[in-house]
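# Working through the structure, step by step
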Amino acid sequence: HSSTAALPTSSHATTPVASSVTTSPSTTTTSDLGQRFPNTEAGAEAFAKEYLTVLNSVHDTGVVGTLAAYSTSECSRCDGWLKYFQEVQSKNQHGRGTFIVVREITTALSRPGTATATALITVPEARIVDRTGKTVFLRKAEGNLTATFFLRYDMQWRVVGSKVE
């Protein structure tokens, strides 16, 4: 079933997201995240989009930057991505191909300071390459999936849990 079809549109923010948007994770500070993404539904949605954009940027550049500021260790998938990208960075490697394509994000506040962001994503084939461009890892395409991120606000939004189906 579609995770957005059963949700009333009047109380949820739904925004299509362009997959080509990238930002530099090195320009973001933890305190900046709290100022840029307020404790509102719109702030939670903008934060979720930024998190996914930063994941793509880290994959492309091989530089972890401030990725850790976006989640807590409570999110085991987020922690796994962080450790994976730290290892890639330590080996002077980076990605080729898009990490994930975000097609749409729907965000809902369940109570003040707690939100759920549901992202319709496509996981295409992607490679990790070394400094010479040689492929050291090939990830097979996984197709269209739904990623759900559980967000909590404590001075800033952070991902505290996730599931991908």
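Preceding this paragraph is the structure being described.
Source: prediction; values computed, not measured.

Reported here for the largest pocket is a volume of approximately 190 Å³. Along the walls of the largest pocket sit 13 residues, with Trp-81, Phe-99, Ile-100, Val-123 and Glu-142 positioned nearest its centre. Secondary structure elements with two or more residues in the lining of the largest pocket: α3 (76-90), β4 (114-123) and β7 (143-153). Here the element with the most residues in the lining of the largest pocket is β7; it accounts for three residues. In terms of residue class, the lining of the largest pocket is built from ten nonpolar, no polar and three charged.

Relative orientation of the contacting elements helix α2 (residues 41-61) and α3 amounts to 25°, with a least axis distance of 11 Å. In terms of orientation, α2 lies roughly parallel with respect to α3. Relative to α3, α2 is oriented so that their crossing is left-handed. Contacts between α2 and α3 involve Tyr-51, Leu-55, Val-58 and His-59 on the former and, on the latter, Cys-78, Trp-81 and Phe-85.

One pass over the full model with this rule turns up eight aromatic pairs. Pairing Tyr-51 with Tyr-70 gives two aromatic rings, centres 6.1 Å apart and planes at 35°, and the pair type is tilted. One end of the pair, Tyr-51, is in helix α2; the other, Tyr-70, is in the loop between α2 and α3, with 19 residues separating them in the sequence. By relative accessible area, which is 2% here, Tyr-51 ends up buried. A relative accessible area of 0% means that Tyr-70 is categorised as buried. Grouped by ring-pair contacts, the aromatic residues Phe-37, Phe-47, Tyr-51, Tyr-70 and Phe-149 constitute a single cluster.

Reading the values: rules and limits
- Residues numbered from 1 in each chain as written.
- Predicted model: local features only at pLDDT ≥ 70, side-chain atom pairs only at ≥ 80, totals over all residues.
- Heavy atoms only, no water.
- 1 Å grid on protein atoms, 1.4 Å probe; cavity = no way out; pocket = protein on both sides within 12 Å on 5 of 7 lines; lining within 4 Å.
- Points joined across faces, edges and corners; volume = space filled by probe spheres on them.
- Helix = DSSP H or I, 4+ residues; strand = E, 2+ residues; numbered from the N terminus.
- Nonpolar A, V, L, I, M, F, W, Y, C, P; charged D, E, K, R; others polar.
- Axes fitted to C-alpha atoms, helices over the stretch in contact; angles between N-to-C directions.
- Parallel < 35°, antiparallel > 145°, perpendicular 65-115°, else oblique.
- Left-handed = near helix turned anticlockwise from the far one by under 90°.
- Contact = heavy atoms within 4.5 Å.
- Phe/Tyr/Trp six-rings, centres within 6.5 Å; stacked < 30°, edge-to-face > 60°.
- Buried < 20%, exposed > 50% of the residue type's maximum accessible area, 1.4 Å probe, protein only.

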